[in-house]
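What follows is the residue order along each chain.
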Amino acid sequence: MKDIEGVYKVELLGPYGWENFSTAFMHDGDFRSASADHFTAGHYEVDGESFTMAGNLTQFVEHRPLFGEKGVKGLPINFRGKIEKSTIDGEAKAEGGNKYSLRFRFNKLPVLN
């Protein structure tokens, strides 16, 4: 199993390239991510090079909502990605048949001592 615990810079692929989105914390299967506009809490699993995360998204923003939903509280989401060195690249989808998927990547940040 890969050691992926740590702090990550989360980026969202937008129309003009990769945009800073949030900061994520991964530890012992727990996933936490937040920005000024949202937070996500969930659990992750690693299987070889594969990474999956299931969590709940809460948004505080009315402009540019994720997955086409405004003012969402506790929206179940799933992320599937591939681990490559210190980066996890993949996509997130909302549960329940929502047609939107969003491309994300997580870049591991250096440890501060």
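All of the points below concern the structure found in this document. (Residues numbered from 1 in each chain as written. Predicted model: local features only at pLDDT ≥ 70, side-chain atom pairs only at ≥ 80, totals over all residues. Heavy atoms only, no water.)

**Overview of the packing of aromatic side chains**
Line of reasoning, step 1. Counting across every chain of the model gives eight aromatic pairs.
Line of reasoning, step 2. Judged by centre distance (5.7 Å) and plane angle (25 degrees), the ring pair of Tyr-44 and Phe-51 falls under stacked. With respect to burial, Tyr-44 and Phe-51 carry one shared label: buried.
Line of reasoning, step 3. Ring pairs connect the aromatic residues Tyr-8, Phe-31, Tyr-44, Phe-51, Phe-79 and Phe-106, which therefore count as one cluster. (Phe/Tyr/Trp six-rings, centres within 6.5 Å; stacked < 30°, edge-to-face > 60°. Buried < 20%, exposed > 50% of the residue type's maximum accessible area, 1.4 Å probe, protein only.)

**Observations concerning the pairing of strand S4 (residues 38-47)**
Line of reasoning, step 1. Of the two faces of S4, only one is covered, namely that formed by His-38, Thr-40, Gly-42, Tyr-44 and Val-46; the face formed by Phe-39, Ala-41, His-43, Glu-45 and Asp-47 stays uncovered.
Line of reasoning, step 2. Note: strand S3 (residues 30-34) against S4, five bridges, orientation antiparallel. Looking across to S4, one finds that Ser-33 is bridged to Thr-40.
Line of reasoning, step 3. Where S3 hands over to S4, the hairpin turn is made up of three residues, counted between the paired strands.
Line of reasoning, step 4. Pairing analysis gives ten bridges linking S4 to strand S5 (residues 50-59), with the strands arranged antiparallel. Among the inter-strand pairings, His-38 is bridged to a residue of S5, identified as Gln-59.
Line of reasoning, step 5. Where S4 folds back on S5, the antiparallel hairpin that results is connected by two residues, among which Gly-48 adopts a positive phi of roughly 65 degrees. (Helix = DSSP H or I, 4+ residues; strand = E, 2+ residues; numbered from the N terminus. Pairing = 2+ DSSP bridges.)

**A closer look at the sheet that holds S3**
Where strands meet in a sheet, backbone hydrogen bonds hold them as pairs that are either parallel or antiparallel.
Line of reasoning, step 1. Strands sit in the order S1-S2-S3-S4-S5-S6-S7-S8 around a closed barrel of eight strands; the barrel is antiparallel. Here the strands of the sheet are splayed against their neighbours by 30 degrees on average, with no regard to which way each runs. (Axes fitted to C-alpha atoms, helices over the stretch in contact; angles between N-to-C directions.)

**So, the pairing of strand S8 (residues 101-108)**
Line of reasoning, step 1. Examined bridge by bridge, strand S1 (residues 6-14) and S8 share five bridges and lie antiparallel to one another. In the sheet register, Tyr-8 faces S8, and the bridge partner there is Lys-108.
Line of reasoning, step 2. Alignment of strand S7 (residues 87-94) against S8, held across seven bridges, turns out to be antiparallel. The residue of S8 that forms the bridge with Lys-93 is Ser-101.

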